[in-house]
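Structural overview
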Amino acid sequence: MGLLTIGTFAKASRLSPKALRLYDELGLLIPARVDPVTGYRLYAPEQLDQARLVAWLRRLGMPLARIQQVCTLEAGQASQEIRAFWAQVEADTAARRDLATFLIDHLSRKDSDMSPTATPLEIRYAALSDTGLVRKSNQDTAYAGPRLLAVADGYGSQGAPASAAAVDALKHLETGSIPAGNLLNVLEDAIEQAKQAVHGVAGGGSSSEEAGTTLTAMLWTGSQLALVHIGDSRVHLLRNGELFQITHDHTMVQSMVDEGRLSPEEAASHPQRSLLIRALSQGADTIADMRLHDAQQGDRYLLCSDGLSTVVSTGEIRRVLSETGEPEHAVRELIALANGSGGPDNVSCVVADVMELRQ
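Residues numbered from 1 in each chain as written. Predicted model: local features only at pLDDT ≥ 70, side-chain atom pairs only at ≥ 80, totals over all residues. Heavy atoms only, no water.

**Here we look at the side chain of Arg234**
Using the following cut-off: Labels follow the DSSP assignment, with helices taken as runs of H or I lasting at least four residues and strands as runs of E lasting at least two, numbered in each case from the N terminus. Counted as a polar contact is a pair of N or O atoms within 3.5 Å, where, for protein atoms, one must be capable of donating a hydrogen and the other of accepting one, and residues adjacent in sequence contribute only when both atoms are in side chains. Contact between two residues is taken to exist if any of their heavy atoms lie within 4.5 Å; hydrogens are not considered.
If you trace the backbone, Arg234 turns up in strand 10 (residues 234–239). A distance of 2.6 Å separates a polar atom in the side chain of Arg234 from a polar atom in the side chain of Asp249. The contacts of Arg234, once residues within four sequence positions are left out, are Gln245, Thr247, Asp249, Leu302, Leu303, Cys304 and Ser309.

Structure below.
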């Protein structure tokens, strides 16, 4: 079979002539020959497979620059790249789903202030932070109050003041009423204030790029806990004896797990498991996850830095949360477990119990 005209090739590849001209200009799908007199583009039949792959990848929504990269790979590597791309699409979709759920919920309450449920509830809480057995200083900050629970894990030359500044920026949420319909805006503003506070303490010098913090916080509304989360500190929920992790780590290793490049077991021992892809830091992605959790009487929430989660198993965390009565005792025992496992990092824990309001 001879060369195909652009019209014939477009029909066979399910790409429009306009798209083919663009892909030629970008170097993505170069014609086999261009007629020197007419300028007509002519394509070889063996280019159809690549053209159809481009068409399918465009239907997936893959950016042209990434399609160009995929088309240079062997079949096995190309499939890995497509798997990684789709994992990111699903993660982005999940984040938008959370935001949509949040918007639906808070707009449905637009005309009312945050109010307790039929059975008035409150939280009983405790917070504790410890340097651990290896680090010289504590760069974590843990806070618990009647409405605000927070853990921040600082890093770099100004990690300690960065984590403290991030949490301090949220403490104004402890006071004053917040209309339910305005909750999302309040949380977004609080994250922006935390980001600016971190930038302020990091300074404008060369060390500023090395300093930042994670931030994981929950705001008690009287019937719900609103979550804001950025980084690799975690929130666990113990409900009816089952333990659930309700945050997603913003780390390079976790993204590789999501993309199918690493197994969870491989991720646990990966040398770069603490490398963040989102944090409150200059030059970093500072988009926070935000969602609402309906509270139930008997729920127990744990917020912790990775100084706990990287050295204490989920089974041990569940055991402590299930068997320990008061939040004060729970945070002490969890930190003791981390230090009993070598205490390689600062460790911070906040435990909060949802219970009937005491009169």
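**Some thoughts on a nonpolar patch on the surface**
Selection criterion: By definition, no residue in a patch forms a salt bridge, and every one has over 30% relative accessible area; like charges are joined within 9 Å, nonpolar side chains (Val, Leu, Ile, Met, Phe, Trp, Tyr) within 5 Å. Each accessible area is a Shrake-Rupley estimate made with a 1.4 Å probe; only the visible protein chains count as cover when residues are assessed. Any carboxyl oxygen of Asp or Glu within 4 Å of a side-chain nitrogen of Lys or Arg constitutes a salt bridge here. With a 1.4 Å probe rolled over the protein chains alone, any residue whose accessible area is under 20% of its type maximum counts as buried; one over 50% counts as exposed, and the rest are partly exposed.
Taken together, Met252, Leu275 and Ile277 make up a surface patch of nonpolar side chains, about 230 Å² in accessible area. Structurally, the position occupied by Met252 is in helix 8 (residues 252–258). For Met252, a relative accessible area of 35% translates into the label partly exposed.

**Overview of the packing of helix 6 (residues 159–168) against helix 7 (residues 183–202)**
Put simply, the rule is: Throughout, an axis means a line fitted to C-alpha atoms (over the contacting stretch in the case of helices), and angles, computed between N-to-C directions, take values from 0 to 180 degrees. Angle categories: roughly parallel below 35 degrees, roughly antiparallel above 145, roughly perpendicular from 65 to 115, and oblique for all the rest. Throughout, a crossing is termed right-handed when the near helix is turned clockwise from the far one, and left-handed when it is turned anticlockwise from it by less than a right angle. Under this grouping Gly is polar, as are all residues other than the nonpolar Ala, Val, Leu, Ile, Met, Phe, Trp, Tyr, Cys and Pro and the charged Asp, Glu, Lys and Arg.
Running from N to C, helix 6 and helix 7 cross one another at 150°; their axes reach a closest spacing of 8 Å. The angle between helix 6 and helix 7 falls in the class roughly antiparallel. Relative to helix 7, the crossing made by helix 6 is right-handed. Residues Pro161, Ala162, Ala165 and Ala166 of helix 6 form the contact with helix 7, whose own contacting residues are Ala194, Ala197, Val198 and Val201. When the residues that make up the contact of helix 6 with helix 7 are grouped by side-chain class, the tally is eight nonpolar, no polar and no charged.

**Describing the pattern of salt bridges**
Taken as a whole, this structure holds 14 salt bridges when the rule is applied. Residues Glu192 and Lys195 are paired through a salt bridge, measuring 3.2 Å at the closest nitrogen-oxygen approach. You can see Glu192 and its partner Lys195 sitting in helix 7, three residues apart, about one turn around the helix. In this structure, the salt-bridge partner of Glu323 is Arg319, at a minimum N-O distance of 3.6 Å. Of this pair, Glu323 and Arg319 are both found in helix 11 (residues 314–323), four residues apart, which corresponds to roughly one turn of the helix. Of the residues examined, Glu323 reaches a relative accessible area of 60% and is grouped as exposed. Residue class for Arg319 comes out partly exposed when judged on its relative accessible area of 26%. Among the ionic contacts, a cluster of salt bridges with common partners joins Glu316, Arg319, Glu323 and Glu333.

**Brief notes about the sheet that holds strand 1 (residues 4–5)**
Short version of the rule: Criterion used throughout: strands pair if DSSP finds at least two bridges between them.
Reading across the sheet, the three strands line up as 1-3-2 and stay open at both edges, with antiparallel pairing between neighbours. Every interior strand has two partners, whereas the edge strands, strand 1 and strand 2 (33–34), have only one. Bridge count for strand 2 against strand 3 (residues 41–43) is two bridges, and the pairing is antiparallel. The residue of strand 3 that forms the bridge with Val34 is Arg41.

**With respect to the packing of helix 1 (residues 6–13) against helix 2 (residues 17–26)**
Helix 2 packs onto helix 1 with a crossing angle of 100° between their chain directions and a minimal axis gap of 9 Å. By the criterion of interaxial angle, the relationship of helix 1 to helix 2 is roughly perpendicular. On the side of helix 1, the interface is formed by Ile6, Phe9 and Ala10, while helix 2 contributes Pro17, Leu20 and Arg21. Tallied by class, residues from the contact of helix 1 with helix 2 come to five nonpolar, no polar and one charged.

**Observations concerning the state of the cysteines**
Note: disulfide means a covalent bond formed between the sulfur atoms of two cysteine side chains. Our working rule: What counts as a disulfide here is a pair of cysteine sulfur atoms lying within 2.5 Å.
Enumeration over the complete set of coordinates arrives at zero disulfides. Looking at Cys304, it has no disulfide partner, and the nearest cysteine sulfur is the one in Cys349, 5.8 Å off.

**Some thoughts on the nonpolar core**
Defined as follows: To define a nonpolar core, start from buried Ala, Val, Leu, Ile, Met, Phe, Trp, Tyr and Cys residues and group those joined through side-chain atoms within 4.5 Å.
One finds Leu170, Leu173, Leu183, Leu187, Leu215, Leu219 and Leu280 to be the most contacted residues of the largest nonpolar core, which totals 28 residues. In terms of residue count, the dominant contributor to this core is helix 7 (eight residues). Judged by nonpolar contacts, the second largest core, of 21 residues, contains Ala55, Leu57, Ala78 and Phe85.

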